[in-house]
Amino acid sequence: MPETKGHNEVLTRTFKKNDESYDLLVSEPQQADSGEFWTKVTLERDSDIVWSHQIAGIDGVQSTLLALGLARKLLESDGGFTFLDDADLMLPDF
């Protein structure tokens, strides 16, 4: 990823899997010197990083939506995650 000013988490959602909590952290989109925007999405369990990805977009809205869509795909591919005791993770599906 190109240099950006930093990543501050602005969105957090907690999922459950096998009665354990996992936190999804989404950063504030940051504009790179080259113009695109980057959003970091991270899944943590007990403050340990399970996975983390940085997603680019033409603006902050696109990079955030793409990051949330990727998170949904990764959580669904792993299987067993729930949100509010439901299998619908209530994340965008792209």
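All values derive from a computational prediction rather than experimental measurement.

Undergrad: How should the side chain of Glu 44 be read in this particular structure?
TA: Relative to the helices and strands, Glu 44 resides in strand S4 (residues 37–45). Sequence-distant contacts of Glu 44, defined by excluding residues within four places in its chain, comprise Ser 21, Tyr 22, Asp 23, Leu 25, Ile 49 and Val 50.

Undergrad: Is there a simple way to think about the packing of aromatic side chains in this case?
TA: What characterises a pair of aromatic rings is the spacing of the ring centres plus the angle enclosed by the ring planes. For the structure shown, the criterion picks out two aromatic pairs. Residues Tyr 22 and Phe 81 carry aromatic rings whose centres are separated by 5.0 Å and whose planes lie at 80° to one another, so their mutual orientation is edge-to-face. Pair noted here: Tyr 22 is in strand S2 (residues 20–27) and Phe 81 is in the segment after helix H1 (60–78), with a separation of 59 residues, a long-range link. A cation over a ring is seen here: Arg 13 above Phe 83, with NZ or CZ 4.0 Å from the ring centre.

Undergrad: Please explain the pairing of strand S1 (residues 9–17) as it appears in this structure.
TA: Here is the key point about a regular strand: its side chains alternate between the two faces of the sheet. Bridging between S1 and S2 involves eight bridges; their strand directions are antiparallel. Bridging from a neighbouring strand, Lys 16 pairs with Ser 21 of S2. In sequence, S1 turns back onto S2 through a hairpin of two residues, with Asn 18 there showing a positive phi of about 50°.

Undergrad: Looking at this structure, I do not really get the nonpolar core. What am I missing?
TA: Across soluble globular proteins, nonpolar side chains show a tendency to be buried alongside one another. One finds Phe 15, Leu 24, Leu 75 and Leu 91 to be the most contacted residues of the largest nonpolar core, which totals 16 residues. Elements that contribute at least two residues to this core include exactly S2, S4, strand S5 (48–57) and H1. Considering every element that reaches this core, the biggest residue donor is H1, with four residues. Setting aside its immediate chain neighbours within four residues, Leu 75 contacts Phe 15, Leu 43, Trp 51, Phe 81, Leu 89 and Leu 91.

Undergrad: Mind showing me how you'd approach the environment of Pro 29 here?
TA: With respect to the element layout, Pro 29 can be found in the loop between S2 and strand S3 (30–31). Sequence spacing of Pro 29 and Lys 40 is 11 residues, and the spatial spacing of their C-alpha atoms is 7.6 Å. Setting aside anything within four residues of it in sequence, one finds Pro 29 in contact with Phe 37, Trp 38, Thr 39, Gly 60, Ser 63 and Thr 64.

Undergrad: Would you explain a nonpolar patch on the surface in this entry?
TA: A surface patch of nonpolar side chains, about 290 Å² in accessible area, is lined by Val 61, Leu 65 and Phe 94. Inspection of the secondary structure assignment puts Phe 94 in the segment after H1. The exposure class assigned to Phe 94 is exposed, which follows from its relative accessible area of 52%.

Undergrad: Sorry if this is basic, but what is going on with the pattern of salt bridges here?
TA: Once their charged atoms are close, side chains differing in charge can pair, the charge on each being opposite to the other. Within the structure shown, the criterion is met by three salt bridges. The partner of Lys 17 in a salt bridge is Asp 78, with the nearest N and O atoms 2.8 Å apart. With Lys 17 in strand S1 and Asp 78 in helix H1, this pair connects stretches of sequence that are 61 residues apart.

Procedures and definitions
- Residues numbered from 1 in each chain as written.
- Predicted model: local features only at pLDDT ≥ 70, side-chain atom pairs only at ≥ 80, totals over all residues.
- Heavy atoms only, no water.
- Helix = DSSP H or I, 4+ residues; strand = E, 2+ residues; numbered from the N terminus.
- Contact = heavy atoms within 4.5 Å.
- Phe/Tyr/Trp six-rings, centres within 6.5 Å; stacked < 30°, edge-to-face > 60°.
- Lys NZ or Arg CZ within 6 Å of the ring centre and 35° of its normal.
- Pairing = 2+ DSSP bridges.
- Core = buried A, V, L, I, M, F, W, Y, C linked by side-chain atoms within 4.5 Å.
- Buried < 20%, exposed > 50% of the residue type's maximum accessible area, 1.4 Å probe, protein only.
- Patch = residues over 30% accessible without salt bridge, like charges linked within 9 Å, V, L, I, M, F, W, Y side chains within 5 Å.
- Areas by Shrake-Rupley, 256 points an atom, 1.4 Å probe, with all protein chains shown as cover.
- Salt bridge = Lys/Arg side-chain N within 4 Å of Asp/Glu carboxyl O.

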